[in-house]
Amino acid sequence: MIYPEFLQNGSTIGIAAPSAGVGDDIADWEKSIGLLEREGFQIKETASVRNNDERSADARTRGEELTSLFTDLKVDFVMCAAGGDFIDECLPYVDFDKMKINPKWLMGASDPTGILYPYTTKYDVATIYGLNAGRYSNYPLPDFVEDNLGIIKGEQFTETSFPKYMSISPFQADHIEYDKDSDMTCSVPELSVKGRCIGGCIDVLKDLIGTTYDGTKDFLAKYRSDHFIWYFDNFSLSAEAFYRTLLQFKYAGWFDDTEAVIIGRTMFESSETGMTYEEAAEMALGDIPFINRADIGHTVPHMTMINGAIMNLDYRTDRMTVSFSLV
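So, how was this worked out
- Residues numbered from 1 in each chain as written.
- Predicted model: local features only at pLDDT ≥ 70, side-chain atom pairs only at ≥ 80, totals over all residues.
- Heavy atoms only, no water.
- Helix = DSSP H or I, 4+ residues; strand = E, 2+ residues; numbered from the N terminus.
- Rg over C-alpha atoms; globule rule 2.2 N^0.38 Å.
- Buried < 20%, exposed > 50% of the residue type's maximum accessible area, 1.4 Å probe, protein only.
- Contact = heavy atoms within 4.5 Å.
- Areas by Shrake-Rupley, 256 points an atom, 1.4 Å probe, with all protein chains shown as cover.
- Disulfide = S-S within 2.5 Å.
- Pairing = 2+ DSSP bridges.
- Axes fitted to C-alpha atoms, helices over the stretch in contact; angles between N-to-C directions.
- Right-handed = clockwise from strand over helix to strand, strands pointing away.
- Parallel < 35°, antiparallel > 145°, perpendicular 65-115°, else oblique.
- Left-handed = near helix turned anticlockwise from the far one by under 90°.
- Nonpolar A, V, L, I, M, F, W, Y, C, P; charged D, E, K, R; others polar.

Details of the overall build of the protein
Looking only at helices and strands, the protein features nine helices and 16 strands. Against the 2.2 N^0.38 benchmark of 20 Å for 327 residues, the protein shows a C-alpha radius of gyration of 18 Å, consistent with a compact globule. Projected onto its principal axes, the C-alpha coordinates of the protein cover approximately 50 × 45 × 40 Å. Burial statistics for the protein: of 327 residues in total, 58% are counted as buried. Pairs at least 24 residues apart make up 77% of the contacts formed inside the protein by residues separated by at least 6 positions. Accessible surface for the protein amounts to roughly 13300 Å². Of this, 46% is attributable to carbon and sulfur atoms.

Right under this line is the structure:
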């Protein structure tokens, strides 16, 4: 597994918008960029980042702009500007071979899963499922954002779940406020396992199965002796669609040699039959231990995951701890 260089004081962060642009809220964007600059980083944005559209540009432009940040020797670390819905369109125009020749950390969340996942599973470069570049606008910074900054600087590789969470979508709130006690559960009383960390937004992952961008089979074969820990961020799949997707992963062999699965809180929950997400996981995963409603995904707070790294996962007395080893 290739682990690129972490950020240092004076490093340049390249930001592309392979999914949506950020032009609908430039004020928040400027706050976020300002925070990164105060942290000591220089910023280079590609031309389409500030466009106000669900597609920041046409598919070819988006793919080529992302690739350009990897061929630019002055860029040290690459972030995706925002999530969205249409990242799959630009995948044919992302030059993953050039990205591997000049390996750099690529970080994003939600729709950018479509690029992070093949970059790790097919090209053997670790990636970070953490924050999009427009999500550093809150000040003072929440603990989970501080944790993320520690990770991308290479200073911190351990995270602990939070006692409370925010019950409404952060997209619909003026500020972050934890107002609900954690309702995280685990299918076993205690859990202590390790394995290669892999996952992302399940809404996006389901569309990669069987495509040329699905490197799961080779990834699992290469690192089988390490075993695996999957994590899933569910944005809005219904409980039934979530269940069917987990089954599809299982039938495709994705859960072979899996030690545990971490499932985040669903941002927008729904069910056509009354099925719960916990029931969906129980039926699909069988004997594989899983943690449900964890601090992962679109809801707040959420942990930062390192795809491709060895994760040490512990759960006991309603508390989850993860640490990463870069080996």
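Overview of the state of the cysteines
Going through the model one piece at a time under the given rule, you end up with zero disulfides. This cysteine, Cys-197, is not joined by any disulfide, and Cys-201 carries the nearest cysteine sulfur, 15 Å off. No disulfide involves Cys-201; its sulfur sits 13 Å from the nearest other cysteine sulfur, which is in Cys-80.

Notes on the sheet that holds strand β5 (residues 127-129)
One open sheet holds the six strands; their spatial order is β2-β1-β3-β4-β5-β14, and the pairing between them is mixed. Edge strands, defined here as strands with exactly one partner in the open sheet, are β2 (42-45) and β14 (305-307). Pairs of neighbouring strands in the sheet enclose a mean axial angle of 25°, with direction left out of account. The pairing of strand β3 (residues 77-80) with strand β4 (residues 105-108) spans three bridges and is parallel. Within β4, the residue paired with Phe-77 across the bridge is Trp-105. Its contacts with the sheet put helix α2 (residues 59-71) on β1 (12-16), β3 and β4, and the angle it makes with β1 is roughly 165°. Taken strand by strand, helix α4 (residues 113-121) contacts β4, β5 and β14, and its axis lies near 145° from that of β5.

Overview of the pairing of β4
Burial along β4 is two-sided: Trp-105 and Met-107 facing one way and Leu-106 and Gly-108 facing the other are all buried. Once the chain exits β3 it traverses helix α3 (residues 96-101) before rejoining the sheet at β4, and the crossover so formed is right-handed. The pairing of β4 with β5 spans two bridges and is classified as parallel. Paired with Met-107 across the bridge in β5 is Ile-128. Handedness of the crossover joining β4 and β5 through α4 is recorded here as right-handed.

Let's talk about the sheet that holds strand β9 (residues 185-186)
Spatial strand order, β6-β16-β15-β10-β11-β12-β13-β9: eight strands in an open sheet with mixed pairing. Only two strands of the sheet have a single neighbouring strand rather than two, namely β6 (158-160) and β9. This element, helix α9 (residues 277-285), spans β9, β12 (258-264) and β13 (290-294) of the sheet and lies at about 160° to β13.

Brief notes about the environment of Gly-308
Within the secondary structure layout, Gly-308 lies in the loop between β14 and β15 (310-316). Take Gly-308: its relative accessible area is 0%, and that puts it in the buried class. Taking the C-alpha atoms as reference points, Gly-308 and Gly-199, separated by 109 residues in sequence, lie 9.4 Å from one another. Non-local contacts of Gly-308, meaning those with residues more than four positions away in its chain, are made with Met-1, Tyr-3, Thr-120, Arg-196 and Cys-197.

Observations concerning the pairing of β15
With six bridges joining them, strand β10 (residues 191-201) and β15 adopt antiparallel strand pairing. Each bridged residue has a counterpart across the sheet, and for Gly-195 the counterpart in β15 is Met-311. Taking the residues that link successive antiparallel strands as the turn, the β15-strand β16 (residues 319-325) hairpin has two residues, and the phi of Thr-317 there is positive, at about 45°.

Quick word on the packing of helix α8 (residues 239-251) against α9
Two elements in contact, α8 and α9, have axes whose closest approach is 9 Å; the angle formed by their N-to-C orientations is 20°. The angle between the axes of α8 and α9 places the two elements in the roughly parallel class. The handedness of the crossing between α8 and α9 is right-handed. Residues Ala-239, Phe-242, Tyr-243, Leu-246, Leu-247 and Lys-250 of α8 lie in contact with α9, whose contacting residues are Tyr-277, Ala-280, Ala-281, Met-283 and Ala-284. Of the residues in the contact of α8 with α9, the class split is ten nonpolar, no polar and one charged.

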